[in-house]
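Coordinate inspection notes
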Amino acid sequence: GESVGLHLPTLSVQEGDNSIINCAYSNSASDYFIWYKQESGKGPQFIIDIRSNMDKRQGQRVTVLLNKTVKHLSLQIAATQPGDSAVYFCAEKVNSGYSTLTFGKGTMLLVSP
Amino acid sequence: GAVVSQHPSRVICKSGTSVKIECRSLDFQATTMFWYRQFPKQSLMLMATSNEGSKATYEQGVEKDKFLINHASLTLSTLTVTSAHPEDSSFYICSAYGTSLGEQFFGPGTRLTVL
């Protein structure tokens, strides 16, 4: 299930389940979005990105969905594995080139064997 | 792939001392580097943006005289936390933007603990 901690929402799933992590972004002018995975004590690792002219993009075991109408982004992880346990952040920027990234609050994903 | 390193990975210092953190792009040239700070269980907050050869642009609320940034070359940026205090204890992460690559790559972070 999903619970909201003091700072970081947590999603707990069983190995093999599909996981869905949600993100609400704030800037309607943002046109490029990225999902990052951050393991404890490490820097963010790029997972997948999507431009605003798309509403879905698929990678290996991951899918990102973008709903610009409600400014919502989701990351779907298929067949979640214990190695997927980490904090996941969405990030937005106004264009895909040089500009600053704004990070969302993050969701901790805990995968039980 | 593009690799960004940070040194040191961990540092413990006494209150009042200064600490320098290095960020290097190992296999690409970074015209722009970004410095973030991350407190436990929180998101990354952008502190400043630095362009090679020019002064850094600091985000609102970040003291430029306390967090000195030098981007002396296309592969190296340094962040110096001057007169560090316990409230500066945090995880500092840099990222480097490669014009030829068209995206940012993140370093592994530096854990700063100020006693």
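Residues numbered from 1 in each chain as written. Chains lettered and ligands numbered in written order. Predicted model: local features only at pLDDT ≥ 70, side-chain atom pairs only at ≥ 80, totals over all residues. Heavy atoms only, no water.

As a further point, take the sheet that holds strand 3 (residues 19-25) of chain B. Residue and element names in this part refer to chain B. Taken together, the four strands give an open sheet; going across it, the order is 1-3-8-7, and neighbouring strands pair in antiparallel fashion. Edge positions in the sheet fall to strand 1 (4-7) and strand 7 (67-73), since each of these pairs with one other strand and no more. In this sheet, adjacent strand axes meet at a mean angle of 15° when their direction is disregarded. Where strand 7 and strand 8 (residues 76-81) come together, five bridges link them in antiparallel fashion. Across the sheet, Phe67 pairs through a bridge with Val81, a residue of strand 8. (Pairing = 2+ DSSP bridges. Helix = DSSP H or I, 4+ residues; strand = E, 2+ residues; numbered from the N terminus. Axes fitted to C-alpha atoms, helices over the stretch in contact; angles between N-to-C directions.)

Okay, the nonpolar core next. Generally speaking, a soluble globular protein has its nonpolar side chains buried in company with each other. Counting 25 residues, the largest nonpolar core has B:Val4, B:Trp35, B:Phe67, B:Leu79, B:Tyr92 and B:Leu112 as the members making the most contacts within it. For this core, the elements supplying multiple residues, two or more each, are strand 2 (10-13), strand 3, strand 4 (32-38), strand 5 (45-51), strand 7, strand 8, strand 9 (90-98) and strand 11 (110-114) of chain B. Excluding residues within four positions of it along the chain, B:Leu112 makes contact with B:Val11, B:Cys13, B:Val19, B:Val81, B:Asp88, B:Ser89, B:Ser90 and B:Tyr92. Listed in part, the 20 residues of the second largest apolar core include A:Val62, A:Leu66, A:Cys90 and A:Val111. (Core = buried A, V, L, I, M, F, W, Y, C linked by side-chain atoms within 4.5 Å. Buried < 20%, exposed > 50% of the residue type's maximum accessible area, 1.4 Å probe, protein only. Contact = heavy atoms within 4.5 Å.)

This paragraph deals with the confidence of the model for chain A. Averaged over chain A, the pLDDT score is 90; the fraction of residues at 70 or greater is 90%. Confidence, read as mean pLDDT per element, is least for strand 1 (residues 2-4) of chain A in chain A (40) and greatest for strand 7 (residues 62-67) of chain A (98). (pLDDT = per-residue confidence, 0-100.)

Turning to the interface of chain B and chain A, a few remarks are in order. As a measure of interface size, the accessible area lost when the parts come together is often cited. Contacts between chain B and chain A engage 20 residues on the former and 20 residues on the latter. Both faces considered, chain B and chain A share a buried interface measuring about 1,500 Å² in area, 60% of it formed by carbon and sulfur atoms. Contact with chain A buries area across many residues of chain B, yet B:Lys41, B:Ser43 and B:Phe106 alone supply 30% of it, more than any other trio. The interface formed by chain B and chain A holds three residue pairs in polar contact (both at pLDDT 80 or more) in total. Contributing elements (two or more residues each) for the side of chain B that touches chain A: strand 4, strand 5, strand 9 and strand 10 (103-106) of chain B. (Buried area = accessible area lost by both parts, 1.4 Å probe. Polar contact = N/O pair within 3.5 Å; in protein donor to acceptor, adjacent residues only side chain to side chain.)

Let us look at the pairing of strand 11 of chain B. Residues and elements named next belong to chain B. Where burial is concerned, the two faces of strand 11 differ: the one with Thr110, Leu112 and Val114 is buried and the one with Arg111 and Thr113 is not. Looking at chain direction, strand 9 and strand 11 are connected through three bridges and run antiparallel. If you follow Ser90 over to strand 11, its bridge partner there is Leu112.

Let us look at the sheet that holds strand 6 (residues 56-58) of chain A. All names here are of chain A. With respect to topology, four strands assemble into an open sheet ordered 3-8-7-6, the strand pairing being antiparallel. Of all strands in the sheet, those bounded by a partner on one side alone are strand 3 (19-24) and strand 6. Strand-to-strand twist in this sheet, taken as the mean axis angle between neighbours without regard to direction, amounts to 15°.

Right, let's talk about the packing of aromatic side chains for a bit. Evaluated as defined, the whole model comprises nine aromatic pairs over all chains. With a centroid separation of 6.2 Å and an interplanar angle of 85°, the aromatic rings of A:Phe89 and A:Phe103 are classed as edge-to-face. Note that A:Phe89 is positioned in strand 9 (residues 86-93) and A:Phe103 in strand 10 (residues 102-103), a separation of 14 residues in sequence. The residues A:Phe89 and A:Phe103 share a single accessibility class, namely buried. Aromatic rings pair up to connect A:Tyr36, A:Phe89, A:Phe103, B:Tyr36 and B:Phe106 into one cluster. Looking at B:Lys66, its charged tip hangs above the ring of B:Phe67, at a distance of 6.0 Å from the centre. (Phe/Tyr/Trp six-rings, centres within 6.5 Å; stacked < 30°, edge-to-face > 60°. Lys NZ or Arg CZ within 6 Å of the ring centre and 35° of its normal.)

Another aspect to go through is the environment of A:Leu11. All names here are of chain A. Following the sequence through the fold, Leu11 ends up in strand 2 (residues 9-14). Residue Leu11 is classed as buried on the basis of its relative accessible area of 10%. In this structure the C-alpha to C-alpha distance between Leu11 and Val111, which are 100 residues apart in sequence, comes to 8.5 Å.

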